[in-house]
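# Structural features, examined
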Amino acid sequence: VKSNWMEVIKYCMKLLVIFFISFSISAGQSSNTRYGAGLDIGSKGSGFFFNYLMGNLDKNLDLVCEGRYYDIKGETEMYVYDYWTNQYTTISGQNLILMPFMVGVNFHPFAGQIANNFSPFLTLRGGTTFVIDGKEGVESYKDKWGNAKTHWSPAGFIGGGIEFRWYSQSSIAIHIGSDILKLNQKADDKDDYSGLLVHIAFNRFKKNNTD
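The present account deals with the structure reproduced in this document.

Rules used in this analysis
Residues numbered from 1 in each chain as written. Predicted model: local features only at pLDDT ≥ 70, side-chain atom pairs only at ≥ 80, totals over all residues. Heavy atoms only, no water. Helix = DSSP H or I, 4+ residues; strand = E, 2+ residues; numbered from the N terminus. Buried < 20%, exposed > 50% of the residue type's maximum accessible area, 1.4 Å probe, protein only. Contact = heavy atoms within 4.5 Å. Areas by Shrake-Rupley, 256 points an atom, 1.4 Å probe, with all protein chains shown as cover. Pairing = 2+ DSSP bridges. Salt bridge = Lys/Arg side-chain N within 4 Å of Asp/Glu carboxyl O. 1 Å grid on protein atoms, 1.4 Å probe; cavity = no way out; pocket = protein on both sides within 12 Å on 5 of 7 lines; lining within 4 Å. Points joined across faces, edges and corners; volume = space filled by probe spheres on them. Nonpolar A, V, L, I, M, F, W, Y, C, P; charged D, E, K, R; others polar. Core = buried A, V, L, I, M, F, W, Y, C linked by side-chain atoms within 4.5 Å. Axes fitted to C-alpha atoms, helices over the stretch in contact; angles between N-to-C directions.

What follows concerns the overall build of the protein. The number of helices and strands found in the protein is two helices and 12 strands. Taken from the N to the C terminus, the helices and strands of the protein come in the order α-β-β-β-β-β-β-β-α-β-β-β-β-β. For the protein, with 211 residues in total, the buried portion stands at 39%. Here the contacts in the protein between residues at least 6 apart in sequence split such that 63% fall between residues at least 24 apart. Summing over all exposed atoms, the protein offers an accessible surface of approximately 12,400 Å²; the carbon and sulfur share of this is 60%.

And the structure:
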């Protein structure tokens, strides 16, 4: 099953390379290029990301390049109030960080058919994730991450969303979909951290040199 999964990822990456070449040509003539950052809220954890989008002239297709920092939450993790220190503390925490690097496409099926500042889209992304598995049951930062186990695994995301644009200056894109994070080896006794993800991006449009 894992070998089949890797073959699918490799095939998708080849297709995305073709998209990247064609989009690079059209994006050089377009003001539909955005960059920014955002927040991830998922069923397996939370984090933040940076992204760069190159759109075609028709504004119905974007190439997306994205890097994420995703902090995995333990299944029994919770915040409790410590009456001795008068502070909240985390119990049953999980020291696991995933750093996906993905490329993909956003397809806007109704581009030019509805209000220019409101654009629903479908998205598909694939790539790889750097897994950092820290040690549990220790207190100091050095003990947690000093000898962390690391490896690379495939990553993907499929879903949809809505982008709100303001006069070609900035935009907010809200994505809802499924994270595909199946690891090549177990981290904290699991090898699958896939789940629901809400992905909120705050972007600015890149100005053309001719603008």
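Past the structure itself, the notes keep going.
Here we take up the environment of I158. Turning to its location among the elements, I158 is positioned in strand β8 (residues 149-166). For the pair I158 and G177, spaced 19 residues apart in the sequence, the C-alpha separation amounts to 5.6 Å. If we ignore the near neighbours within four places in the chain, the residues touching I158 are T123, L124, G177, S178 and I180.

Here is the key point about a regular strand: its side chains alternate between the two faces of the sheet. Summarising the sheet, strand β3 (residues 61-72) and strand β6 (residues 96-107) pair through nine bridges and their orientation is antiparallel. The residue of β6 that forms the bridge with E66 is M102.

Mapped onto the secondary structure, I162 falls in strand β8. Here I162 falls in the partly exposed class, since its relative accessible area comes to 29%. Taking the C-alpha atoms as reference points, I162 and I176, separated by 14 residues in sequence, lie 9.2 Å from one another.

What follows deals with the pattern of salt bridges. Applying the stated criterion across every chain yields a total of seven salt bridges. The shortest N-O distance in the salt bridge between D62 and R34 comes to 3.0 Å. Separated by 28 residues along the polypeptide, D62 in strand β3 and R34 in strand β1 (residues 33-42) bring together distant segments of the chain. Salt-bridge contacts for R34 lead to E163; the nearest nitrogen and oxygen are separated by 3.0 Å. Here E163 lies in strand β8 and R34 lies in strand β1, a separation of 129 residues in the sequence. Classification of R34 as buried rests on a relative accessible area of 0%.

The next point concerns empty space enclosed by the protein. One simple way to see leftover space: roll a probe sized like a water molecule over the atoms. For the structure on display, the rule yields one cavity of 30 Å³ or more. Its boundaries defined by the atoms lining it, the largest cavity holds a volume of some 50 Å³. If you go around the largest cavity, you meet 14 residues; those closest to its centre are L53, N106, A173, H175 and N203. For the lining of the largest cavity, the elements supplying multiple residues, two or more each, are β2 (45-55), β3, β7 (118-133), β9 (170-180) and β12 (195-205). Each residue belonging to the lining of the largest cavity can be placed in one class, and the counts come to five nonpolar, five polar and four charged.

Here we come to the nonpolar core. Counting residues in each nonpolar core, the largest one holds 13 residues, and the members touching the most others are Y70, I72, L96, L98, V131, L181 and Y193. Only β3, β6, β8 and β10 (182-187) provide two or more residues apiece to this core.

Taken together, the eight strands give a closed barrel; going around it, the order is β1-β2-β3-β6-β7-β8-β9-β12, and neighbouring strands pair in antiparallel fashion. Here the average twist between neighbouring strands, direction ignored, is 25°. With 10 bridges connecting them, β9 and β12 associate as antiparallel partners. Among the inter-strand pairings, S170 is bridged to a residue of β12, identified as R204.

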